[in-house]
Amino acid sequence: MYTAFDVARFIIWYSKKKNYSISNLKLQKILYFIQADYIANKSKKCFSDVIEAWDLGPVVASIYDIYKIYGSAEIPIDGCEGIIKEIKLPDQIRIGEMVDKCSKYSASKLVSITHGQEPWKGAYKRYANNEITPQAIRSYFAKA
């Protein structure tokens, strides 16, 4: 299992390599979908950090705090180049495939998608930042 920071750095590196747009908001949604993929299809978490239900969808608070300085702008690749050594090749491929899928959508479209899904809807309470549990993710995405 990785940390969300390692996975986030890989997502940023991969997105830049593929010329995909990557803002903090989009990064948050991609982290969520990667975690959902691992939980539903591999029966394990990709990263250990908690995902919370915020106003704009699922968020890993520690990652939000690191990249919030960029606002809605592109996150630069600085500091992400060495991440290739930290993520195992099969995981690089799996994570990359999810980034490819999500890159087709704007950040606001990804927010809309997550707002329509039960894991976020079930956990969301305004100003509460409740956890979106792995069980809720598994239950929803195992059916999808």
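Provided above is the structure to which this section pertains.
Keep in mind it's a predicted model, so treat the numbers as computed, not measured.

Draft legend 1. Examining the packing of helix α2 (residues 24-42) against helix α5 (residues 107-115) more closely. Running from N to C, α2 and α5 point in directions that differ by 40°, and their axes come no closer than 9 Å. Taken together, the axis directions place α2 and α5 in an arrangement best described as oblique. Crossing angle aside, the handedness with which α2 passes α5 is left-handed. Residues Leu 25, Lys 26, Lys 29, Tyr 32 and Phe 33 of α2 pack against Ala 107, Leu 110, Val 111, Ile 113 and Thr 114 of α5. Here the contact of α2 with α5 is built from residues that sort into seven nonpolar, one polar and two charged.

Draft legend 2. Highlighting helix α4 (residues 89-102). Taking 1.5 Å of rise per residue, the 14 residues of α4 would be expected to cover 20 Å, and the 20 Å separating its terminal C-alpha atoms lies within 8% of that figure. Looking at α4, one finds that the buried residues are Asp 91, Gln 92, Ile 95, Gly 96, Met 98, Val 99 and Cys 102. Axial view of α4: buried residues confined to an arc of 160°, hence all on one face. Facing away from the buried surface of α4 by more than 90 degrees, the exposed residues are Leu 89, Pro 90 and Lys 101. Tucked inside the fold, the buried residues of α4 contact α1 (4-17), α2 and α5.

Draft legend 3. Local environment of the packing of aromatic side chains. Tallied over the full model, the rule gives nine aromatic pairs. Between Phe 33 and Phe 141, the aromatic rings sit 6.4 Å apart at their centres with planes inclined by 90°, giving edge-to-face as the arrangement. Residue Phe 33 is located in helix α2, and its partner Phe 141 is located in helix α7 (residues 134-143); the two are separated by 108 residues in the primary sequence. Take Phe 33: its relative accessible area is 10%, and that puts it in the buried class. A relative accessible area of 18% places Phe 141 in the buried class. Cation over ring: Arg 94 sits above Tyr 38, and NZ or CZ is 5.7 Å from the ring centre.

Draft legend 4. Representation of the side chain of Gln 117 within the structure. Along the chain, Gln 117 falls in the loop between α5 and α6 (118-123). At 3.3 Å, the side chain of Gln 117 forms a polar contact with the side chain of Tyr 32. The residues touching Gln 117, leaving out its near neighbours within four places in the chain, are Tyr 32, Phe 33, Tyr 140 and Phe 141.

Draft legend 5. Geometry of empty space enclosed by the protein. Under the definition given, this model contains one cavity of 30 Å³ or more. Looking at the largest cavity, the residues that line it are Gln 35, Ile 39, Lys 45, Asp 49, Val 50, Ile 51, Glu 131, Ile 132, Pro 134 and Ile 137. Taken together, the residues of the lining of the largest cavity break down into six nonpolar, one polar and three charged.

Draft legend 6. Region of the structure containing the nonpolar core. Among the nonpolar cores identified, the biggest contains 39 residues, and Val 7, Ile 11, Leu 27, Leu 31, Ile 34 and Ile 95 are the most heavily contacted of them. Of all the secondary-structure elements, those providing two or more residues to this core are α1, α2, α3 (61-67), α4, α6 and α7. Examining the composition of this core, we find that nine residues originate from one element, α2, more than from any other. The contacts of Ile 11, once residues within four sequence positions are left out, are Ile 22, Leu 27, Ile 30, Leu 31, Ile 34, Ile 95 and Val 99.

Rules used throughout
Residues numbered from 1 in each chain as written. Predicted model: local features only at pLDDT ≥ 70, side-chain atom pairs only at ≥ 80, totals over all residues. Heavy atoms only, no water. Axes fitted to C-alpha atoms, helices over the stretch in contact; angles between N-to-C directions. Helix = DSSP H or I, 4+ residues; strand = E, 2+ residues; numbered from the N terminus. Parallel < 35°, antiparallel > 145°, perpendicular 65-115°, else oblique. Left-handed = near helix turned anticlockwise from the far one by under 90°. Contact = heavy atoms within 4.5 Å. Nonpolar A, V, L, I, M, F, W, Y, C, P; charged D, E, K, R; others polar. Expected span 1.5 Å × (residues − 1). Buried < 20%, exposed > 50% of the residue type's maximum accessible area, 1.4 Å probe, protein only. Arc of directions from axis to C-beta. Phe/Tyr/Trp six-rings, centres within 6.5 Å; stacked < 30°, edge-to-face > 60°. Lys NZ or Arg CZ within 6 Å of the ring centre and 35° of its normal. Polar contact = N/O pair within 3.5 Å; in protein donor to acceptor, adjacent residues only side chain to side chain. 1 Å grid on protein atoms, 1.4 Å probe; cavity = no way out; pocket = protein on both sides within 12 Å on 5 of 7 lines; lining within 4 Å. Points joined across faces, edges and corners; volume = space filled by probe spheres on them. Core = buried A, V, L, I, M, F, W, Y, C linked by side-chain atoms within 4.5 Å.

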